[in-house]
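Report on the structure
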Amino acid sequence: MPYDFNNVEKKWQDNWNNNKSFEAKTDNSKQKFFCLEMFPYPSGALHMGHIRNYSIGDVLARFHRKNNKNVIYTIGFDSFGMPAENAAIKYKTKPHDWTLKNIDYMTQQLKRMGYSYDWNREAITCLPEYYKWNQWFFLQMYKKGLVYQKEAPVNWCDTCGTVLATVTKKNLKQWFIKITDYAQELLSDIDKKLDPGWPKRVRIMQTNWIGRSEGARLKFNVPDLNYDIEAFTTRFDTIYGVTFIALAPEHELVKIMRDKLNHDDAEKLNEFVKKVTSQSSIERSDAKADKLGFKTPFYGIHPITGKKIPIWIANYILIDYGTGAIMGVPSGDQRDFDFCRKYNIPVIPVIKPEDGEIFDGDKMTQAYEEYGIVCNSGEFDGLKTEDAIKIMIDWGEKNGYCKREINFKLRDWLISRQRYWGTPIPFVYCDHCGVVPVPEDQLPVRLPEDVEVKEVGHSPLLDLPDWLNTTCPKCGGHARREADTMDTFFCSSWYFDRYCSPHDDKAPFESNDVNYWMPVDQYIGGIEHACLHLIYARFFAKFLNDIGLTNFREPFTNLLTQGMVIKDGAKMSKSLGNTVDPTEIVNKYGADTVRLFILFAAPPNNDLEWSERSVEGANRFLGRVWRLVEDNLENLKAHNKIVPIDEIQSPDAKEFKRKIHDTIINVTRDIKEEKQFNTAIARLMELANAIYSFNENDDTANNLKREAVDVLLNCLSPFCPHITEELWEMLGHEKYLCDENWPCADEKSLVRDSVMIVVQINGKVRGKISCQANLSKENLEAEILNDPDVKKRLDGKNILKIISVPDKLVNIVVK
RNA sequence: GCGGAGGUGGCGAAAUGGCAGACGCGCUAGACUUAGGAUCUAGUGUCUUACGGCGUAGGGGUUCAAGUCCCCUCUUCCGCACCA
């Protein structure tokens, strides 16, 4: 009978389910393994990227279960977010209904793949049981002083009055979390705790994202305005080279200056600021873009020389880095240099190359940004840059000119979304008391589900007076709910903790459970989350530890970032129209085939080129495995004795036995250490080939074949769990294969008594000679030199040197 | 520009400094077949009739031995990119 994957796969999915094969239970006496995949957004259907991600995870979960680990492995849905609102408009439905329908469908798809999830632990973030705890965490952060409100720009569409990725910017009061309080630890732990469990690439991306730089903060007094401009610099050693001060157009001093100007000048300034701030962030942050400046009539006093330094406003100064103002040193900074040449601002060289002359400020064609020797800087002349930075800041601090400071690129976490489909932020605005947190016993602040999302306009929450109007928890007077909802990264920052105690209704989770299961032993997902999600989740872990809920500060010990699924040279995506629907392929070939293909075609880190031809190849292999058992079933069933290696006479049979155990070693290493599933599968194909071509037929041989088939099925089962269970059962095993221990290699069977020695002459392969194994170097050399072929080749030549690697190779150097 | 990862047959890919191309796809030939897009067998880097030579982006180096280590160049992909 050919392999009927439809019935077989369904049968085993039911069996596992009825048997509760994959249920995880907290048990402190067992070693745990937390296998986690980035949970999907319920966009409608699974795509191949999901299939790849989850097939990798399932192999690891099943493998570790077989190796006596207490495995927790489950899934959920990251189910808040904008697409649900867009879909609600498009399909005239409600985000809630659309989302739950998609979750239903995708759940069916996941089950059809045979992933060994503990479905009891599923977490769905858009349900109040889950998002209640988002609100609770937010309040805990508020209590710790980590939550604040601040005006911040959003992209505002004037015509439709909604937040969109176009048109103008508008300032709104928004909620932030002070993730920057954790910047240093987030950075330090990258080296301390994530190396080597995380890919170097991700560690570097996070390091850059956090962007630490050391320097000093200094002040320029502006006498006319009675104001101190603060600036941050990493090159305090170039302080004598300052020829201008530049402010970001958004700097608060700009408004102060404008108010001091006459009408015409104020207009000009306004015009400039308007022009520059209306540039898109892409335009403004392009290093090649034109630098635009506006010279104000004001000046600041150089803290050391006392000189008057003109103040400019410039588009290349960013308000949200450092202080939003810089000391301009054109001789040492290319950006400042470009700016000065454009606006004829003088250039004073303050660093010269170690073996060069002092530059001529008027003739320099570019800034000198390298380290060198300090010049034109009074008493500091002659210092090397590396020393000067330290010495000059020390001196500056002592004399009150500057203060050491460390700056990060990492920004605080903007939580507010002017959107409906998200976790309501648990605050109210009271007419008397101001901004008031919702008391914890009143959580969750429920998101109304029965709402219509309209194409134009603001969040539908603003149209629900019953929801919006409430009473102040403090004074009982009238209050209005915060209508902003939370960034969905909030949901995804702790869902894995929830997996550990999914049904807790008294707390987000039980510390006992979380402390047992966490941290995650293996996290698997796409590289696109390298910075945001993975940094937010790390921050959350540190915060939860700070408030005493957990005993760990990093959530993910090991991270695997799988490559994209490619078709026709481009990432599979709806917009490119090059997607392949997993359901179609599963219907055609079965889940085991799809899993096998996707794991075999490339190592997990590489991009994977979709090829239906190769899918057929995977399917063909499973057919071979099926027939291997079915065509020999009676014979295999009748021979289930393990024959020890020393009872085997025939060399071929010995070699076959060795192959079986060699396979166990290699497959185990490939899965466990290398996570190279493609090579693990290749080994299993080799074993299958070896079984087919082993054509001895006595009792020993038949017992060996049975041993080989058992190993093959067991080792293949994490990849292709259904077909292997079925064949396992056909062979008469009573226990489910998923509960069976991973096979253990027999050391004695691995030993060879003869080995092929590669013979090289002057480094070129000139032959292979079979020798007894474990010969000493001397004996090996003697053996090889005695070989007639070798003798012939060496005839008349002078042997200069012999290199021998026991059991492997002999290289004879001759002249 | 800075940083990172790559470049191996027709293709996806293998190779603790020790036989380059395991395994698979494709292709060629054959077998079995009414049939073959099933299955099985054999072959498949390249030049050469052969012996053998040449081959891991290119060039140099270290070594008895280099895809692997070192230096330079080219190239592809990814991340960051006015971060003071």
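What you see is a predicted model; the values in this text were computed from it and never measured.

**What to know about the sheet that holds strand β27 (residues 570-571)**
Pairing is mixed across the open sheet formed by three strands, whose spatial order is β27-β26-β28. In this open sheet, the two edge strands, each paired with only one partner strand, are β27 and β28 (608-609). For strand β26 (residues 565-567) and β28, the ladder comprises two bridges, and the chain directions are parallel. Each residue of the ladder has a partner; that of V565, found in β28, is L608.

**Re the confidence of the model for chain A**
A residue-level look at chain A finds 97% of positions with pLDDT of 70 or above and a mean pLDDT of 94. Confidence metrics for the complex model read pTM 0.95 and ipTM 0.96.

**Brief notes about the environment of K506**
By the secondary structure assignment, K506 is in the loop between α14 (495-500) and α15 (511-517). For K506, a relative accessible area of 71% corresponds to the exposed category. Expressed as a C-alpha distance, the spacing of K506 and W133, which sit 373 residues apart in the sequence, is 9.9 Å. A distance of 3.4 Å separates polar atoms of two side chains, one belonging to K506 and the other to D505.

**Remarks on the sheet that holds strand β20 (residues 434-437)**
Each strand in a sheet pairs with its neighbour through backbone hydrogen bonds, running either in the same direction (parallel) or in the opposite one (antiparallel). Taken in spatial order, the four strands of this open sheet run β20-β19-β22-β21, and their pairing is antiparallel. Here the strands that pair on one side only, and so sit at the sheet edges, are β20 and β21 (469-471). Strand-to-strand twist across the sheet, computed as the mean angle between neighbouring axes with direction ignored, equals 40°. Note: strand β19 (residues 427-430) against strand β22 (residues 478-481), three bridges, orientation antiparallel. Bridge assignment links C430 to a residue of β22, and that residue is A479.

**Describing the pattern of salt bridges**
As enumerated under the stated definition, the model contains 43 salt bridges in all. Of the charged contacts, one joins E230 and K219 as a salt bridge, the two residues approaching to 4.0 Å between their closest N and O atoms. Taken as a pair, E230 in strand β9 (residues 227-233) and K219 in strand β8 (residues 212-222) lie far apart in primary sequence, 11 residues in all. Accessibility expressed as a relative area gives 43% for K219, which makes it partly exposed. Note that K342 is salt-bridged to D290, the shortest N-O span being 3.2 Å. Residue K342 is located in helix α11 (residues 334-343), and its partner D290 is located in the loop between α10 (281-284) and β11 (293-301); the two are separated by 52 residues in the primary sequence.

**Topic: helix α6 (residues 183-193)**
Since there are 3.6 residues in each turn of an α-helix, residues three or four apart along the chain are aligned in direction. Where α6 is concerned, the buried positions are A183, L186, L187, D189 and I190. Along the axis of α6, the buried positions cluster into a sector of 165°, meaning they face one direction only. Turned more than 90 degrees from where α6 packs its buried face, D191 and K192 sit exposed. Looking at the packing, one finds that the buried side of α6 touches α7 (200-210), β8, β16 (402-408) and α16 (532-546).

**Topic: the environment of L622**
Along the chain, the position of L622 falls in helix α19 (residues 612-630). Looking at L622, the relative accessible area reads 1%, which means it is buried. Placed 594 residues apart in sequence, L622 and N28 show a C-alpha to C-alpha distance of 39 Å.

**Section: the side chain of D412**
Residue position: D412 is located in the loop between β16 and β17 (413-414). No salt bridge is formed by the buried D412, whose closest oppositely charged neighbour, K150, lies at an N-O distance of 6.0 Å. Polar contacts involving the side chain of D412 include one to the side chain of Y148, which spans 2.6 Å. Apart from the residues lying within four places of it in its own chain, the contact partners of D412 are Y148, F176, I177, K178, I179 and T180.

**Overview of the packing of aromatic side chains**
For the coordinates displayed, the defined rule picks out 49 aromatic pairs. Between the aromatic rings of F138 and W175, the centroid separation amounts to 5.8 Å while the plane-to-plane angle is 80°, which identifies the pairing as edge-to-face. In this pair, F138 is assigned in helix α5 (residues 128-143) and W175 in strand β7 (residues 168-177), connecting sequence segments 37 residues apart. With respect to class, F138 is no different from W175; both count as buried. Summarising the aromatic geometry, the rings of Y420 and W421 are spaced 5.8 Å apart at their centres and angled 40° between planes, so their arrangement reads as tilted. On the accessibility criterion, Y420 (0% relative accessible area) is buried. The ring of W119 is capped by K111, whose NZ or CZ atom sits 4.8 Å from the centre of that ring. The positively charged end of K150 is found above the aromatic ring belonging to F176, 4.7 Å away from the centroid.

So, how was this worked out
- Residues numbered from 1 in each chain as written.
- Chains lettered and ligands numbered in written order.
- Predicted model: local features only at pLDDT ≥ 70, side-chain atom pairs only at ≥ 80, totals over all residues.
- Heavy atoms only, no water.
- Pairing = 2+ DSSP bridges.
- Helix = DSSP H or I, 4+ residues; strand = E, 2+ residues; numbered from the N terminus.
- pLDDT = per-residue confidence, 0-100.
- Buried < 20%, exposed > 50% of the residue type's maximum accessible area, 1.4 Å probe, protein only.
- Polar contact = N/O pair within 3.5 Å; in protein donor to acceptor, adjacent residues only side chain to side chain.
- Axes fitted to C-alpha atoms, helices over the stretch in contact; angles between N-to-C directions.
- Salt bridge = Lys/Arg side-chain N within 4 Å of Asp/Glu carboxyl O.
- Arc of directions from axis to C-beta.
- Contact = heavy atoms within 4.5 Å.
- Lys, Arg positive; Asp, Glu negative; His and termini not counted.
- Phe/Tyr/Trp six-rings, centres within 6.5 Å; stacked < 30°, edge-to-face > 60°.
- Lys NZ or Arg CZ within 6 Å of the ring centre and 35° of its normal.

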